[in-house]
Amino acid sequence: MIRIKDIAQEAQVSEGTVDRVLHNRGGVSKKTEAKVKKILERHNYSINPVASALALKNKHTIAVLIPEHNDTDAFWKSPYLGILKAIEDVKSLGIHVQCFTFNQYQPSSYFESFQVLLESQPTAVIFAPMFLEETQKIVQQLDTVQIPYIFLNIDIEGFNNLAYIGQDSYTSGYIAGKLMHMGLAPKSDILIIQARDYIGDNNAIAKRIQGFHDYFKQHHINTGITALKIESLNDSNQTKAQLNQILKTIPALAGIFIPSSRTSAVIDCFQESGYENFKIIGFDNTPQNMTYLKQDAVSFLISQKPFEQGYEAIRIMTDFLIKGKTPNEKIYLPIDILIKENVMYNDMNQAMYEGTLTNE
């Protein structure tokens, strides 16, 4: 029996678009609607009455709280797009999803946005636990009203979250250490660049750094590792001054590790022709990071499948609400090592989905 998924693939649109055409919900161009209807007629497709009845019976709201994204800090666009795709796929099951955002550099914004979220009286919550102190308060409120919740992208121990969905941050940092060690001359020095915006609160970055250090410790590699704590990567002038100063103090510097998605922001702050002398490893295939990867300014990027994080979080919470299916406590997504030769093939699911949005 042909499925909505099959119809969507043949029409080169999203499953949500097919669903909107089937149920006359609007929001689809006449050209796309006509194309979908023609395929439906050709396959003699009819609405599954069981699924329709299920959708009417089950009414749940999943509230999502994630950081804002913009052109210069683009990482969270990918989880957001994954969430949008999942929204379309679970709508027919009676699941409504609301997204709330916050400034990832301001704990107060994080907590205030959650209070607005809580006023919407959701059935379940998915959120990125960016700040520990505020997360403790948030979790206490969710536990009190018995709302199930999933941690997205950042894993913090000691809470009653239904699951964590994201990367094994420690292992990804360990892998970064191994990649850095490959090809470096003996006794080379390495610099870890971390913005104070993230210090202490973003548990994912702290685990990456720990994994990076542990690789060298466990293999008894004699390498000097220096940590540079940038006040804010959004302040390019101050970052340039800090970089120029520390480069003078580490004459044997050969590698730079940036355990966040802001790799491009660091490279932008080097003086002209300054970064070519270093092996640079960063995280996440944001457009800016990929540009530098393709130019050989970055040796490796480690991707944490952000689009899939957002998509799977909605699907897993939906299965819990509709089917009572309890997920594994840790749901780790693949750790992708990107080089300039393979980066164009990474995150094809996101690329295809963005293509459907453009076509519609």
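What counts, and at which threshold
- Residues numbered from 1 in each chain as written.
- Predicted model: local features only at pLDDT ≥ 70, side-chain atom pairs only at ≥ 80, totals over all residues.
- Heavy atoms only, no water.
- Helix = DSSP H or I, 4+ residues; strand = E, 2+ residues; numbered from the N terminus.
- Rg over C-alpha atoms; globule rule 2.2 N^0.38 Å.
- Buried < 20%, exposed > 50% of the residue type's maximum accessible area, 1.4 Å probe, protein only.
- Domains from an automatic or database assignment.
- Pairing = 2+ DSSP bridges.
- Axes fitted to C-alpha atoms, helices over the stretch in contact; angles between N-to-C directions.
- Phe/Tyr/Trp six-rings, centres within 6.5 Å; stacked < 30°, edge-to-face > 60°.
- Lys NZ or Arg CZ within 6 Å of the ring centre and 35° of its normal.
- Arc of directions from axis to C-beta.
- Contact = heavy atoms within 4.5 Å.
- Core = buried A, V, L, I, M, F, W, Y, C linked by side-chain atoms within 4.5 Å.
- Salt bridge = Lys/Arg side-chain N within 4 Å of Asp/Glu carboxyl O.
- Parallel < 35°, antiparallel > 145°, perpendicular 65-115°, else oblique.
- Left-handed = near helix turned anticlockwise from the far one by under 90°.
- Nonpolar A, V, L, I, M, F, W, Y, C, P; charged D, E, K, R; others polar.

An unreviewed UniProt entry annotates the protein as HTH lacI-type domain-containing protein of Pseudotamlana carrageenivorans.

**Student:** Please explain the overall build of the protein as it appears in this structure.
**Tutor:** Helix and strand content of the protein: 14 helices and 12 strands. The C-alpha radius of gyration computed for the protein amounts to 23 Å, which stays within 12% of the reference 21 Å derived for 360 residues, consistent with globular compactness. Across its three principal axes, the protein shows a C-alpha extent of roughly 70 × 45 × 35 Å. Expressed as a percentage of its 360 residues, the buried residues of the protein come to 52%.

**Student:** Sorry if this is basic, but what is going on with the domain arrangement of the protein here?
**Tutor:** Interfaces are frequently sized by the accessible area removed from exposure as the parts join. When its domains are assigned, the protein resolves into domain 1 (4-44), domain 2 (60-167 + 306-334) and domain 3 (169-303). Placing the centre of domain 1 and that of domain 3 at their C-alpha centroids yields a distance of 46 Å.

**Student:** Is there a simple way to think about the sheet that holds strand E11 (residues 330-332) in this case?
**Tutor:** Pairing between sheet strands relies on hydrogen bonds along the backbone, with the strands arranged either parallel or antiparallel. Here we have six strands laid out as an open sheet, ordered E2-E1-E3-E4-E5-E11, and parallel in their pairing. This sheet does not close on itself; its edge strands, each paired only once, are strand E2 (95-102) and E11. On average, each strand axis in the sheet is tilted by 20° relative to the strand beside it, whichever way the strands run. Note: strand E4 (residues 149-152) against strand E5 (residues 163-166), three bridges, orientation parallel. Bridge assignment links leucine 152 to a residue of E5, and that residue is isoleucine 165.

**Student:** Explain the packing of aromatic side chains here, please?
**Tutor:** Given two aromatic rings, their pairing is described by the distance between the two centres and the angle made by the two planes. For the coordinates displayed, the defined rule picks out 15 aromatic pairs. Seen in terms of ring centroids, tyrosine 149 and phenylalanine 151 are 5.9 Å apart; in terms of plane orientation they differ by 45°. Their pairing is tilted. Of the aromatic side chains, those joined through ring pairs into one cluster are Tyr170, Tyr174, Phe212, Tyr215, Phe216, Phe257 and Phe283. In this structure, lysine 137 packs its charged tip against the face of phenylalanine 111, placed 5.8 Å from the ring centre. One Lys or Arg, arginine 208, reaches over the ring of phenylalanine 283 and ends 4.1 Å from the middle of that ring.

**Student:** In this structure, what is going on with unusual backbone geometry? I would like to understand it.
**Tutor:** What you tend to see is this: most non-glycine residues have negative phi, and most peptide bonds are trans. At glutamine 12, a position not held by glycine, the phi torsion is positive, near 60°. Residue class for glutamine 12 comes out exposed when judged on its relative accessible area of 59%. Positive phi is not limited to glycine here, since aspartate 284 has a value of about 80°. Within the element layout of this structure, aspartate 284 appears in the loop between strand E9 (279-283) and helix H12 (287-294). By relative accessible area, aspartate 284 is classed as buried at 2%.

**Student:** What's the story with H12 in this structure? I'm lost.
**Tutor:** Each full turn of the α-helix corresponds to 3.6 residues, which orients residues three or four apart in the same direction. Within the span of H12, buried status applies to Asn289, Met290, Tyr292 and Leu293. End-on view of H12: buried residues confined to an arc of 160°, all on one side of the axis. In this structure, the buried side of H12 is in contact with helix H11 (263-268), E9, strand E10 (300-303) and strand E12 (336-338). Of the residues trailing H12, aspartate 296 is marked for its positive phi of about 70°.

**Student:** Looking at this structure, how should I read the nonpolar core?
**Tutor:** A general tendency of soluble globular proteins is for nonpolar side chains to be buried together. Counting 50 residues, the largest nonpolar core has Ile62, Ile126, Phe127 and Ile314 as the members making the most contacts within it. Counting residues per element, this core draws most heavily on helix H13 (residues 306-323), which supplies seven residues. Beyond its immediate chain neighbours, meaning those up to four positions away, isoleucine 314 contacts Ile62, Val64, Ile83, Ala86, Val90, Val97 and Ile126. With 28 residues, the next largest nonpolar core counts Ala265, Tyr275, Phe278 and Met290 among its residues.

**Student:** Can you help me understand the sheet that holds E9 in this one?
**Tutor:** In space, the six strands of this open sheet follow the order E7-E6-E8-E9-E10-E12, with mixed pairing throughout. Sheet topology places strand E7 (224-230) and E12 at the edges, where each strand pairs with a single neighbour. The sheet shows a mean angle of 20° between the axes of neighbouring strands, direction not considered. Across three bridges, E10 lies against E12 in antiparallel orientation. The residue bridging isoleucine 302 from the neighbouring strand is isoleucine 337, located in E12. The sheet contacts of helix H10 (residues 236-249) involve strand E6 (189-195), E7 and strand E8 (253-257), and relative to E7 the element is tilted by about 160°. The sheet contacts of H12 involve E9, E10 and E12, and relative to E10 the element is tilted by about 145°.

**Student:** Looking at this model, I keep getting lost on the pattern of salt bridges. Mind explaining?
**Tutor:** Here the idea is simple: oppositely charged side chains can pair when their charged atoms come close. Here the structure, examined in full by the defined rule, presents 10 salt bridges. Residue lysine 323 pairs with aspartate 319 through a salt bridge whose shortest N-O separation is 3.8 Å. Taken together, the positions of lysine 323 and aspartate 319, both in helix H13 and four residues apart, correspond to about one turn of that helix. If you follow the salt bridges from partner to partner, you end up with Asp155, Glu157, Lys207 and Lys330 in one network.

**Student:** Help me understand the packing of helix H1 (residues 4-11) against helix H3 (residues 30-42) in this model?
**Tutor:** Geometry of a packed helix pair, given as the angle between the helix axes and the separation of the axes. It is at 10 Å that the axes of H1 and H3 come closest, and there the two elements cross at 130°. The angle between H1 and H3 places the two elements in the oblique class. Between H1 and H3 the crossing geometry is right-handed. The segment H1 lies against H3, with Ile7, Glu10 and Ala11 engaging Lys35, Val36, Ile39, Leu40 and Arg42. Partitioned by chemical class, the residues of the contact of H1 with H3 number five nonpolar, no polar and three charged.

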